[in-house]
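One-letter residues, chain by chain:
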Amino acid sequence: MKTTIVQQLEEKRRGARLGGGQERIDAQHKRGKLAARERLEVLLDPESFEEIGMFVEHRYHDFGMEKNRIPGDGVVTGHGTINGRLVFVYSQDFTVLGGSMSEANANKICQIMDMAMKVGAPVIGLNDSGGARIQEGVGSLGGYGEIFQRNVNASGVIPQMSMIMGPCAGGAVYSPALTDFTMMVNNTSYMFVTGPDVVKTVTHEEVTQEELGGAQTHTQKTGVADIRFDCDIDALIQARRLFNFLPSSNREAPPVRMTEDPADRIDLSLNTLIPENPNKPYDMMELINRVVDEGDFLEIKPEYAKNILVGFGRMSGSTVGFVANQPMHLAGCLDIDASTKAARFIRFCDAFNIPIVTFVDVPGFLPGVNQEHNGIIKHGAKLLYAYAEATVPKITIVTRKAYGGAYIVMNSRHLKGDINYAWADAEIAVMGADGASRILFRSEEEEQRKVLEEDYKQRFSSPFVAASRGFIDDVIRPQNTRWRICRALTLLRDKEVTTPWKKHDNLPL
Ligand code: HXC
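On a predicted model such as this, the values are computed, not experimentally measured, just so you know. (Residues numbered from 1 in each chain as written. Predicted model: local features only at pLDDT ≥ 70, side-chain atom pairs only at ≥ 80, totals over all residues. Heavy atoms only, no water.)

## Details of the overall build of the chain
When its secondary structure is counted, the chain shows 19 helices and 17 strands. Here the chain has a C-alpha radius of gyration of 26 Å; the compact-globule value for 509 residues is 23 Å, and the two agree. Per-residue burial for the chain yields a buried fraction of 52% across its 509 residues. Partitioning the contacts of the chain with sequence separation of at least 6, the portion at a separation of at least 24 is 73%. With an accessible surface of roughly 23900 Å², the chain has 53% of that area assigned to carbon and sulfur atoms. Taking the average place of the 57 positive charges on the side chains of the chain and the average place of its 65 negative ones, the gap between the two points comes to 3 Å. (Helix = DSSP H or I, 4+ residues; strand = E, 2+ residues; numbered from the N terminus. Rg over C-alpha atoms; globule rule 2.2 N^0.38 Å. Buried < 20%, exposed > 50% of the residue type's maximum accessible area, 1.4 Å probe, protein only. Contact = heavy atoms within 4.5 Å. Areas by Shrake-Rupley, 256 points an atom, 1.4 Å probe, with all protein chains shown as cover. Lys, Arg positive; Asp, Glu negative; His and termini not counted. Charge placed at Lys NZ, Arg CZ, Asp CG, Glu CD.)

## Concerning the packing of aromatic side chains
This structure, assessed with the given rule, holds 10 aromatic pairs. Ring geometry for F181 versus F312: centroids 6.1 Å apart, planes at 75°, classification edge-to-face. Residue F181 is located in strand β7 (residues 181–185), and its partner F312 is located in strand β11 (residues 308–315); the two are separated by 131 residues in the primary sequence. Relative accessible area serves as the criterion here: at 4%, F181 is assigned to the buried category. Take F312: its relative accessible area is 0%, and that puts it in the buried class. Between Y190 and F192, the aromatic rings sit 5.1 Å apart at their centres with planes inclined by 20°, giving stacked as the arrangement. Seen from the ring of F245, R314 lies directly overhead, with NZ or CZ sitting 4.0 Å from the centre. Here the basic side chain of R484 rests over the ring of Y421, its NZ or CZ set 4.8 Å away from the ring centre. (Phe/Tyr/Trp six-rings, centres within 6.5 Å; stacked < 30°, edge-to-face > 60°. Lys NZ or Arg CZ within 6 Å of the ring centre and 35° of its normal.)

## Some remarks on the packing of helix α4 (residues 103–119) against helix α5 (residues 138–154)
Viewed as axis vectors pointing N to C, α4 and α5 meet at an angle of 15°, and their least axial separation amounts to 8 Å. Classified by the angle between their axes, α4 and α5 sit roughly parallel to one another. As α4 packs across α5, the resulting crossing turns out to be left-handed. Counting all contacts with α4, which are made through E103, A106, I109, C110, M113, D114 and M117, the residues of α5 involved are G139, S140, G143, E146, I147, R150, N151, N153 and A154. Across the contact of α4 with α5, the residue classes break down as 7 nonpolar, 5 polar and 4 charged. (Axes fitted to C-alpha atoms, helices over the stretch in contact; angles between N-to-C directions. Parallel < 35°, antiparallel > 145°, perpendicular 65-115°, else oblique. Left-handed = near helix turned anticlockwise from the far one by under 90°. Nonpolar A, V, L, I, M, F, W, Y, C, P; charged D, E, K, R; others polar.)

## What to know about the nonpolar core
When a protein is soluble and globular, its nonpolar side chains tend to lie buried together. Counting 64 residues, the largest nonpolar core has I124, F312 and V323 as the members making the most contacts within it. Residue contributions to this core peak at 7 residues, all from helix α12 (residues 336–351). Residues L273, V291, L309 and A488 belong to the second largest nonpolar core, which totals 28 residues. (Core = buried A, V, L, I, M, F, W, Y, C linked by side-chain atoms within 4.5 Å.)

## Considering the site of the ligand
The ligand sits among 19 residues. The nearest are R24, R31, G98, G130 and A132. The separation between an oxygen atom of the ligand and a polar side-chain atom of R31 is 2.7 Å. At a separation of 3.1 Å, a nitrogen atom of the ligand approaches a polar backbone atom of I134. A total of 1000 Å² of accessible area belongs to the ligand in isolation, and the protein chains cover 56% of it. Counting only elements with at least two residues in the shell around the ligand, the list comes to α5 and β6 (167–169). Its residues assigned to classes, the shell around the ligand comprises 10 nonpolar, 6 polar and 3 charged. (Near = heavy atom within 4 Å. Polar contact = N/O pair within 3.5 Å; in protein donor to acceptor, adjacent residues only side chain to side chain.)

## A short note on the packing of helix α3 (residues 36–43) against helix α10 (residues 232–245)
Contact geometry for α3 and α10: axes closest at 9 Å, N-to-C directions at 40°. Judged by the inter-axis angle, α3 sits oblique to α10. Regarding α3 and α10, the two cross each other, and that crossing is right-handed. Facing α3, whose interface residues are R39, V42 and L43, α10 presents D232, I233, L236, I237, A239 and R240. For the contact of α3 with α10, the class distribution of residues is 6 nonpolar, no polar and 3 charged.

## Some remarks on the pattern of salt bridges
Enumeration over the complete set of coordinates arrives at 33 salt bridges. As a salt-bridge pair, D505 and R347 come within 3.1 Å of each other at their nearest N and O atoms. Highlighted residues: D505 in the segment after α19 (481–491) and R347 in helix α12, separated in sequence by 158 residues. The network of salt bridges with shared partners includes D434, R438, E446, R449, K450 and E453. (Salt bridge = Lys/Arg side-chain N within 4 Å of Asp/Glu carboxyl O.)

## Comments concerning α3
Looking only at α3, the buried set comprises A36, R37, R39, L40 and L43. Projected onto a plane normal to the axis of α3, the buried residues spread over an arc of 155° and lie on a single side. (Arc of directions from axis to C-beta.)

## So, unusual backbone geometry
Residues other than glycine seldom take positive phi values, yet F63 does so here, at roughly 55°. With respect to the helices and strands, F63 occurs in the loop between β1 (50–52) and β2 (75–82).

## Quick look at the pairing of strand β14 (residues 394–403)
Burial analysis of β14 places 10 of its 10 residues in the buried class, the great majority of the element. Here strand β13 (residues 356–362) pairs with β14 via 6 bridges, running parallel. Paired with V357 across the strands is I395, a residue of β14. Pairing analysis gives 4 bridges linking β14 to strand β15 (residues 419–423), with the strands arranged parallel. Across the sheet, residue T396 finds its bridge partner in β15, namely N420. As a crossover connection, the stretch from β14 through helix α15 (residues 404–409) into β15 is right-handed. Sheet topology places β14 next to strand β16 (residues 427–429); 3 bridges connect them, and they run parallel. (Pairing = 2+ DSSP bridges. Right-handed = clockwise from strand over helix to strand, strands pointing away.)

## Section: the sheet that holds strand β9 (residues 227–229)
If you walk across this open sheet you meet the 7 strands as β1-β2-β3-β4-β5-β7-β9, and the pairing is mixed. Looking along the sheet, the strands with just one partner apiece sit at the ends: β1 and β9. Averaged over neighbouring strand pairs, the angle between their axes works out to 20° when direction is ignored. Against the sheet, α3 contacts β1, β2, β3 (85–92) and β4 (123–127), and its axis sits at roughly 160° relative to β3. Relative to β3, α4 is tilted by about 165°, and along the sheet it contacts β1, β2, β3, β4 and β5 (160–164).

## So, the side chain of R85
By secondary structure assignment, the location of R85 is in strand β3. Among buried charged residues, R85 stands out as having no salt bridge; its nearest opposite-charge side chain is E252, 4.8 Å away. Engagement of the side chain of R85 in a polar contact is seen with the backbone oxygen of L246, the distance being 2.5 Å. Beyond its immediate stretch of four places on either side in the chain, R85 contacts G80, F243, N244, L246, P247, S248 and P255.

What follows is the structure in structure tokens.
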């Protein structure tokens, strides 16, 4: 190639890499944000990024746009690797017209999504954009529509992750909402359908961007985002960590990582995890941390519906999805938020061949007018539905209480739990002995009622009634939990289930 052409190429590449210019990159840094390409450097393995469409420009002329053409057009797209595994990425460049979505840059995003679907690799989108490019009108709107359609097509086929690292407003929020995981950065990212100004005009409510749609709001109140981080670097490093747990597509088994943690490890401390007093809480997280390989557990939605824990760990090196009632919050009751949180997680695991381990300590569904009027019936049904339809290996361990409808919902044998164990002190019953005796023996004197309550406890408040019916496969000692799960997972590795043909299901929404 002639030297001049090489020089021209390098010159063009340098220009494209600068995006909206050094001044705007500096402004990005001043706000505590990394630039689009810097983010990819943190996310991907060194030297692994290969860019696609670096020289793409928009073709609009209105409002002087012909003088405002920047190669790449405000989004950096391509592929690279994370720990050696292929991933497709796009990173919106706020320095170019506020990272706004144009017809041309939407095409670039669609191109890498199409490639990801063809080869079966995840897509991670780094969002930092002022929304639809106003100068393009419906052209940019069409671009969003094309992306949404691809998000839906890819759902359940390849994992999709969204990192919100700046503004994400208007209809733009619906792409992250369609993806599997959304992470946000404190103070610099926000998501809303209509911003504070529009809210004020329409409803006269005064609210800041942060309150309306900041990272705290979406990880604690709405559940729109899964995890929040203090800075871009933290967020991107944790995105790598999450990626490492996931298979590349629904055609693959989850990745296996070498571990030194023996599958047959016994943990004596688990024998004293449950307090003597059945109404006293304990931290279910401790059980999960002690059971998974090397105590490495990545919790999803740690700040939302804390009465249920969900997240990824590994057993004998392979990814497992954990779902567990958390007695530390609302006594581990199931409510609307807990049901939707766990249902979505279970459906992700099922779509991507990730076995599910469920730890149960649930006194029931949370009572209350608020819960009933907000639809606990249909939302609780989502959790039931998710467990019942899941065909991946499903293992359940009842650690303490499994009462009533919540017993059934939490991956009981009746919902095709493959291996169901209970710890020796567990109680599997319609309700606790106290509540039951107050209903059954309400006309008895208190003293007699207490006697009858004890009788009820002896008969029903144990795992052995359920075990005698075959609803529980074995009653196990807490110390053996890890190796019993590892062994059950090995047993179920080649599980296959045939389900009846349907176009798609009709999950209660
Ligand atoms: C074109 C845009 C833009 C947009 C920002 N810019 N958003 N250009 N289209 N949507 C440009 C600005 O003009 C500015 O250019 C540069 O990006 C940086 O923006 P600033 O306003 O200086 O930055 P900041 O103060 O940080 O404010 C960021 C912002 C604000 C809050 C995002 O720019 C803003 O409100 N933008 C408009 C948001 C919006 O209404 N978008 C459309 C939503 S509707 P110069 O050259 O002056 O530096 C939508 C529909 C999607 O998205 C539908 C999908 C179904």
